[in-house]
Amino acid sequence: MLSPASILGMVGTFVGLVRALPQLIQLIRSREAHGVSVDTAGTSSVVSFGWALYGYLTHQPFVTLATGSSGIIFALITLFAIRFGRSAREIKVTPLWLLALLLAHWLGGTTGLGIALPASVLIANTPQLWIAYNETDLTDLSLGTWLFSITDGLIWGSYALLENDLPILAYGIFQLLTSGMIAALKIAHQRQQKAAGR
């Protein structure tokens with residue numbers, strides 16, 4: 001019989017596998033990237049691979065599988081967003097955070113990585129939050145990805161409570177809050193567009 005943590009881990013793995021897919025599909029369909037932050041996508045890729053390493057080092061295969069696959073999808077989103085109109089010059093946080101995570105792991109091993117990773121979701125989602133707040137055209141920003149990200153935060157936060165894993169709990173809380181703000185801005189933008197179209 002599966003434990004509650006194992007069930008949450010499996011559900012979280014599934015959500016991790018699919019959460020970025022709506023954004024990738026949106027980019028491929030529209031062939032435009034209005035409102036999409038390449039810095040968030042790139043940093044999310046780096047962060048996902050960091051969590052995959054953390055999951056491997058702490059013997060949590062659900063974490064490794066979910067975040068490793070997300071890392072690949074976020075890397076593809078970054079490439080497609082640049083291909084479809086965003087500038088590679090927008091990437092500012094990604095290389096800096098990659099260095100920060102490498103340094104955290106080098107200096108502190110698994111503990112160092114576990115301390116740095118919870119802040120990663122704030123670092124990764126802030127550029128998208130900024131773009132969602134400041135740009136007037138969010139047409140190609142996928143609401144589905146951010147709704148899945150809210151779900152991701154809830155699931156992994158619950159998993160962390162059961163597993164007594166503070167870094168994953170902090171991740172879940174930060175993911176829930178920042179993704180919720182991005183989704184709210186996208187919904188507000190959609191309502192404004194509908195009101196303007198009448």
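Note that the structure is predicted; figures quoted are calculated from it, not measured. (Residues numbered from 1 in each chain as written. Predicted model: local features only at pLDDT ≥ 70, side-chain atom pairs only at ≥ 80, totals over all residues. Heavy atoms only, no water.)

**Some remarks on the overall build of the protein chain**
Here is step 1 of the chain: Looking only at helices and strands, the protein chain features 7 helices and 0 strands.
Here is step 2 of the chain: Taken from N to C terminus, the helices and strands of the protein chain fall in the order α-α-α-α-α-α-α.
Here is step 3 of the chain: Overall, the protein chain is about 55 × 35 × 25 Å in size when its C-alpha atoms are taken along their principal axes.
Here is step 4 of the chain: Taking the intrachain contacts of the protein chain between residues at least 6 apart in sequence as the baseline, contacts between residues at least 24 apart amount to 80%.
Here is step 5 of the chain: Just so you have it, the protein chain exposes about 9900 Å², and 70% of that area is on carbon and sulfur atoms.
Here is step 6 of the chain: Taking the average place of the 11 positive charges on the side chains of the protein chain and the average place of its 9 negative ones, the gap between the two points comes to 9 Å. (Helix = DSSP H or I, 4+ residues; strand = E, 2+ residues; numbered from the N terminus. Contact = heavy atoms within 4.5 Å. Areas by Shrake-Rupley, 256 points an atom, 1.4 Å probe, with all protein chains shown as cover. Lys, Arg positive; Asp, Glu negative; His and termini not counted. Charge placed at Lys NZ, Arg CZ, Asp CG, Glu CD.)

**Notes on the packing of helix α3 (residues 38–57) against helix α5 (residues 93–134)**
Here is step 1 of the chain: Interaxial distance between α3 and α5 falls to 7 Å at its minimum, and their mutual angle equals 150°. Between α3 and α5, the angle falls in the class roughly antiparallel. Relative to α5, the crossing made by α3 is left-handed.
Here is step 2 of the chain: Broken down by class, the residue content of the contact of α3 with α5 amounts to 16 nonpolar, 12 polar and 1 charged. (Axes fitted to C-alpha atoms, helices over the stretch in contact; angles between N-to-C directions. Parallel < 35°, antiparallel > 145°, perpendicular 65-115°, else oblique. Left-handed = near helix turned anticlockwise from the far one by under 90°. Nonpolar A, V, L, I, M, F, W, Y, C, P; charged D, E, K, R; others polar.)

**Remarks on the nonpolar core**
Here is step 1 of the chain: Among the nonpolar cores identified, the biggest contains 20 residues, and W51, Y54, L101, L117, W156, Y159 and I168 are the most heavily contacted of them.
Here is step 2 of the chain: Looking at this core, the elements that each hand over two or more residues are α3, α4 (61–83), α5, α6 (143–163) and α7 (166–197).
Here is step 3 of the chain: A total of 8 residues in this core trace back to one element, the largest contributor, which is α5.
Here is step 4 of the chain: Those residues in contact with L117 that lie beyond four places of it in its chain are V47, G50, W51, Y54 and L101. (Core = buried A, V, L, I, M, F, W, Y, C linked by side-chain atoms within 4.5 Å. Buried < 20%, exposed > 50% of the residue type's maximum accessible area, 1.4 Å probe, protein only.)

**Considerations on helix α2 (residues 21–30)**
Here is step 1 of the chain: Of the residues making up α2, those classed as buried are Q23, L24 and L27. With its buried residues spanning 100° around the axis, α2 presents them on a single face.
Here is step 2 of the chain: Elements in contact with the buried residues of α2: α4 and α6.
Here is step 3 of the chain: In the segment just after α2, R31 is the residue with positive phi, at about 55°. (Arc of directions from axis to C-beta.)

**A short note on the pattern of salt bridges**
Here is step 1 of the chain: One pass over the structure, following the stated rule, counts 3 salt bridges.
Here is step 2 of the chain: Residue R19 is joined to D152 by a salt bridge in which the shortest nitrogen-to-oxygen separation is 3.9 Å. Of this pair, R19 sits in the loop between α1 (4–18) and α2 while D152 is found in helix α6, placing the two residues 133 residues apart along the sequence.
Here is step 3 of the chain: Residue R19 is classed as buried on the basis of its relative accessible area, which comes to 8%.
Here is step 4 of the chain: Between R86 and E135 there is a salt bridge; the shortest N-O distance is 2.9 Å. (Salt bridge = Lys/Arg side-chain N within 4 Å of Asp/Glu carboxyl O.)

**Focus on unusual backbone geometry**
Here is step 1 of the chain: Unusually for a residue other than glycine, R31 sits at a positive phi of about 55°.
Here is step 2 of the chain: Assignment of secondary structure puts R31 in the loop between α2 and α3.
Here is step 3 of the chain: You will see that H59, though not glycine, has its phi angle at about 60°, which is positive.
Here is step 4 of the chain: Structurally, the position occupied by H59 is in the loop between α3 and α4.
Here is step 5 of the chain: The class for H59 is exposed, based on a relative accessible area of 70%.

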